[in-house]
Amino acid sequence: QVQLIESGGGLVQAGDSLRLSCAVSGRTVNDWPMGWFRQAPGREREFVAAFSFVGNTYYADSVKDRFTISRDNAKNTVSLQMNTLTPEDTAVYYCATGSRLSTMPVTTTRRYNAWGQGTQVTVSS
């Protein structure tokens, strides 16, 4: 059974940084697609960043050059370093993992079949 537990969220000011972490059990992070998504109140869940199962990285245009996804194979974690945060980054952030065989892009929620409970990130202006 796959489990994902996010941590690291909090309340910060615009321009600050945060690092989110996702602890994964039940599969190894370097062998499966791993993604970060976020959902703001009243909005659909949206893609933030992802690793394909072969290790390619993908970013949403809105976070490119500010956020960095990384993985620690020894700890079996996936992290999201978020710099220069803005109030528009306020959301619940979710870690997810999905099938290696799916043809759905890693940038879509439909690629993923296991999700964490989410961690709240709030950025004040």
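Worth saying up front: this structure is predicted, and the values here are computed from it rather than measured.

Asker: With reference to specific residues and values, describe the pattern of salt bridges.
Answerer: One pass over the full model with this rule turns up four salt bridges. Of the charged contacts, one joins Arg38 and Asp89 as a salt bridge, the two residues approaching to 2.9 Å between their closest N and O atoms. With Arg38 in strand E4 (residues 34-39) and Asp89 in the loop between strand E8 (77-82) and strand E9 (91-98), the pair connects residues that are 51 residues apart, well separated along the chain. Taking the shortest distance from any N to any O, the salt bridge between Arg66 and Asp89 comes out at 2.8 Å. Of this pair, Arg66 sits in the loop between strand E6 (57-59) and strand E7 (67-72) while Asp89 sits in the loop between E8 and E9, and the two are 23 residues apart along the sequence. Considered together, Arg66 and Asp89 belong to a single accessibility category, that of buried residues. Within this structure, Arg38, Glu46, Arg66 and Asp89 form a network of salt bridges that share partners.

Asker: Explain the environment of Ser99 to me, and be specific about the residues and the numbers.
Answerer: Along the polypeptide, Ser99 turns up in the loop between E9 and strand E10 (112-115). What makes Ser99 partly exposed here is its relative accessible area of 24%. Here the alpha-carbon distance between Ser99 and Gln120, two residues 21 residues apart in the chain, equals 26 Å. Leave out the neighbours within four places in its chain, and Ser99 touches Trp32, Pro33, Arg111 and Asn113. In this structure the side chain of Ser99 is engaged in a polar contact, spanning 3.0 Å, whose partner is the backbone nitrogen of Leu101. Within the structure, Ser99 has its side chain in polar contact with the backbone nitrogen of Ser102 (distance 3.3 Å).

Asker: Could you give an account of the pairing of E7, naming the residues involved and the relevant values?
Answerer: With six bridges joining them, E7 and E8 adopt antiparallel strand pairing. By the bridge assignment, Ile69 is partnered in E8 with Leu80.

Asker: How would you sum up the environment of Glu6? Please name residues and give values.
Answerer: Relative to the helices and strands, Glu6 resides in strand E1 (residues 3-7). In this structure Glu6 comes out as buried when scored by relative accessible area, which is 5%. Spatially, the C-alpha atoms of Glu6 and Ser21 are 5.6 Å apart, while their sequence positions differ by 15 residues. Dropping the residues within four chain positions of it, Glu6 is found in contact with Ser21, Cys22, Trp36, Tyr93, Tyr94, Cys95, Gly116, Gln117, Gly118 and Thr119.

Asker: Pulling in residues and values, what's your account of the state of the cysteines?
Answerer: Evaluation of the coordinates by the stated rule reveals one disulfide. The disulfide that involves Cys22 links it to Cys95, with 2.2 Å between the sulfurs. Negative torsions about the S-S bond denote left-handed disulfides, and the value of about -80° found for Cys22 with Cys95 makes this one left-handed. Taken together, the positions of Cys22 in strand E3 (residues 18-25) and Cys95 in strand E9 put the pair 73 residues apart, joining distant regions of the chain.

What counts and how
- Residues numbered from 1 in each chain as written.
- Predicted model: local features only at pLDDT ≥ 70, side-chain atom pairs only at ≥ 80, totals over all residues.
- Heavy atoms only, no water.
- Salt bridge = Lys/Arg side-chain N within 4 Å of Asp/Glu carboxyl O.
- Helix = DSSP H or I, 4+ residues; strand = E, 2+ residues; numbered from the N terminus.
- Buried < 20%, exposed > 50% of the residue type's maximum accessible area, 1.4 Å probe, protein only.
- Contact = heavy atoms within 4.5 Å.
- Polar contact = N/O pair within 3.5 Å; in protein donor to acceptor, adjacent residues only side chain to side chain.
- Pairing = 2+ DSSP bridges.
- Disulfide = S-S within 2.5 Å.

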